[in-house]
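Letter by letter, the chains look like this.
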Amino acid sequence: MSDKQLKGQNFNTFMKGIWEENPVFFQLLGMCPVLAVSNSVMNALSMGMATTFVLVLSSTLVSLLRKLIPKQVRIATYILIIATFVTVAEYAIQAISLEVYKNLGAFISLIVVNCMILGRAEAFASKNKLGKSILDAFGVGIGFTFAIFCMGALREIIGNGTFAEIPVFGENYEPWVIMILPGGGFFALGVLLLFVNWYQQKTKKGATK
Amino acid sequence: MSNPQQKSTSTISMLRTLAGVATLSGFLIVFVYEFTFPIIKKNRAEVLKKAIFQVMPAAKSYKKFAEKDGKLVEISEDQEIAEAYYGCYDDTNNLIGFALEASGMGFVDIIKVLYGYSTNKEAVIGNMVLETKETPGLGDKIEKDADFVRNFEELDVKLTEDGSKLQNPIEVVKKGKKTEKWQIDAITGATISSKAIGKILLESTQKRLPVIHKSLDVLGASK
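Keep in mind it's a predicted model, so treat the numbers as computed, not measured.

## Considerations on the packing of helix α3 (residues 41-64) of chain A against helix α4 (residues 74-96) of chain A
Residue and element names in this part refer to chain A.
Phase 1: Taken N-terminus to C-terminus, the directions of α3 and α4 make an angle of 140 degrees; their axes are 9 Å apart at the nearest point. Classified by the angle their axes make, α3 and α4 are oblique. Like other packed secondary-structure pairs, α3 and α4 cross with a definite hand, here right-handed. Mapping the contact onto sequence places Ala-50, Phe-53, Val-54, Leu-57, Ser-58, Leu-61 and Val-62 in α3 and Tyr-78, Ile-81, Ile-82, Phe-85, Val-86, Ala-89 and Ile-93 in α4.
Phase 2: A per-class count over the contact of α3 with α4 returns 13 nonpolar, 1 polar and no charged.

Take a look at the structure:
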C-alpha cells in the first residue's frame, strides 16, 4: 500500500467516527450521558472531553495488549482498563475543577458503562494496530463531543437564553425551562436526529443523481 | 461446538493477563491519586471557605473549633478532624454563629452538607450541599429547588432550657403542609432525598448544638 493510500485510510478512520459512524447520531450509543448532562454547553463539553480521554487511553492500552489478552477474559480485561481510566479521569476532574465535578455528578463514574467505549475496544482496538486505534478513538470521541455539544447548545440557548452562560437573547426573552429539564433532553435529541437523518438522506440522494 | 483456540488457552495465561492488568491498573490509580490528592484537598478547602460565608452571610471571618470534653476549643485551620465547628464572626469580631458540616445517606450515596447556625436566632439560616450523587433531575433538586432551599432561611432549632436537646425535632412534611418553623417542606418526586436532608440536619443539630450551647459563655457569642 502506498503512503498516499495509507494516509487516506487513516484519515477515513478518523473521520468516520466524527460523522459517518457518529456514536450518538447514527449508532445511538452512550445516550445516558447525552440526555442527562447536556443541559448546558459547559457540562456537555466537560462530559465530552472526559469520555474522549477515557476512550483514547483505553483504546490505546487495549490495542497495545491485544495479542496478550486471551479471548476468554477479554471483556473482563477491557472493563478493568476502562474503569481504571474512568477513575483517573475522576481524580483529574476533581483536581481541575470541583464545580465541574459536582455538575457532572454520578455521570463521571457511569462512563465505565458507556457501551460506546467498550464497543470501540471490542470492535476496533482489539483488532487493529496502535496508531489506527488511537485515530479511531479520537474520531469517535470528537464525534461524541460534537453531538453532546450540539445538544448542550440547543438546550441552553432555548432553555436558559444563554450560550456558555453568555446571554444570547435580550432581557425580554422568556426561557423555555422545559428544555433544560429531562423532558427537554428527549425533545432536543429527537430534533437533532430528525435534522441529521434528513441531511444524510439529502446528501445521499444528491450523490446518486 | 467448541472453539479450538479457546481450548489451547491455558489457565495460567488467563490468570496472568487479568493479574497483570489489575496490577497495572492499581499502580496507575494509586499514582494519580497521590499526585492529585494535595490539589483536590486545596480545592476542597477553597470551596469550604466560600460555602461558610454563603451559609453565614453576615460573617466576615471564621475560626475552626473542635470538641474536647464536651466543650469547644480552637484548633488550627490545617488540623483535620471529622466534625469541625466553624465559628463565624462579624465585622466587630462578635461570634454570630457556626457553620457545621454534616453528612448522611441519600437515595444514591452519601450527601454532605454545610449549614449555618445562628446563635442569635437559634435557627439554621443557610444550607448548602457540598457533595451529592443524587439522581440528576430528581434527587439533585435538594440544591436546585428554590422552594426547598427556602426551608433553610430560618429553620427553628431552639434548644430546651438546659440546652441538652432540641425543643422541637426537625421534621420533613409533604410539600405545602409546613405549618411550623421546625418543619421542612419536602420536594415532590424527590421525597427520599429531601427526607435524607431533614435526617442529616436533625442528627447533626441534636448532637452538636448542645456542645455549642455549653461553650457559648466562654466564646462570647451575641445573643
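## A few points about α4 of chain A
Phase 1: For α4 of chain A, with 23 residues, the first-to-last C-alpha span of 33 Å sits near the 33 Å given by 1.5 Å per residue.
Phase 2: Along α4 of chain A, the residues that are buried comprise Thr-77, Tyr-78, Ile-81, Ile-82, Thr-84, Phe-85, Val-86, Val-88, Ala-89, Glu-90, Ile-93 and Gln-94 of chain A.

## Describing unusual backbone geometry
Phase 1: Despite not being glycine, Leu-28 of chain A has its phi angle at roughly 50 degrees, a positive value.
Phase 2: Within the fold, Leu-28 of chain A resides in the loop between α1 (3-18) and α2 (31-36).
Phase 3: For Leu-28 of chain A, a count of 13 C-beta atoms within 10 Å puts it in the partly exposed group.
Phase 4: Notably, Asn-93 of chain B is not glycine yet its phi reads approximately 65 degrees, a positive angle.
Phase 5: By secondary structure assignment, the location of Asn-93 of chain B is in the loop between β3 (85-89) and β4 (95-105).
Phase 6: Exposure remark for Asn-93 of chain B: the 9 C-beta atoms within 10 Å place this residue in the exposed category.

## Observations regarding the packing of α3 of chain A against helix α6 (residues 115-125) of chain A
Residues and elements named next belong to chain A.
Phase 1: Remark: α3 packs on α6, axes separated minimally by 10 Å, with the N-to-C direction vectors making an angle of 35 degrees. In this structure, α3 crosses over α6, and the sense of that crossing is right-handed. Residues Val-54, Leu-55, Ser-58, Ser-59, Val-62 and Ser-63 of α3 form the contact with α6, whose participating residues are Ile-117, Arg-120, Ala-121 and Ala-125.

## Some words on the pairing of strand β1 (residues 61-68) of chain B
All names here are of chain B.
Phase 1: In the sheet, β1 pairs with β3 via 5 bridges, with the strands oriented antiparallel. Directly across from Phe-65, in β3, lies its bridge partner Tyr-85.
Phase 2: Strand direction decides the pairing type here: β1 and strand β2 (residues 71-75), joined by 5 bridges, are antiparallel. Following the sheet pairing, Ala-66 is matched in β2 by Val-73.
Phase 3: Linking β1 to β2, which pair antiparallel, is a turn of 2 residues; within it Asp-69 sits at a positive phi near 50 degrees.

## Overview of the sheet that holds β2 of chain B
Residues and elements named next belong to chain B.
Phase 1: Across the sheet, which stays open at both edges, the 7 strands sit in the order β2-β1-β3-β4-β5-β6-β7 with antiparallel pairing between neighbours. The strands lining the two open edges of the sheet, one partner per strand, are β2 and β7 (155-156).
Phase 2: Sheet analysis places β4 next to strand β5 (residues 110-118), joined by 9 bridges and oriented antiparallel. By the bridge assignment for β5, Leu-100 is matched with Tyr-115.
Phase 3: The sheet strands contacting helix α2 (residues 11-55) are β1, β3, β4, β5 and β6 (123-131), and the helix crosses β6 at an angle near 155 degrees.
Phase 4: Against the sheet, helix α5 (residues 191-219) engages β1, β2, β3, β4, β5 and β6, with an angle of about 145 degrees to β4.

Reading guide: rules and limits
- Residues numbered from 1 in each chain as written.
- Chains lettered and ligands numbered in written order.
- Predicted model: local features only at pLDDT ≥ 70, side-chain atom pairs only at ≥ 80, totals over all residues.
- Axes fitted to C-alpha atoms, helices over the stretch in contact; angles between N-to-C directions.
- Helix = DSSP H or I, 4+ residues; strand = E, 2+ residues; numbered from the N terminus.
- Parallel < 35°, antiparallel > 145°, perpendicular 65-115°, else oblique.
- Left-handed = near helix turned anticlockwise from the far one by under 90°.
- Contact = placed C-beta atoms within 7 Å.
- Nonpolar A, V, L, I, M, F, W, Y, C, P; charged D, E, K, R; others polar.
- Expected span 1.5 Å × (residues − 1).
- Buried ≥ 20, exposed ≤ 12 C-beta atoms within 10 Å, placed from the backbone.
- Pairing = 2+ DSSP bridges.

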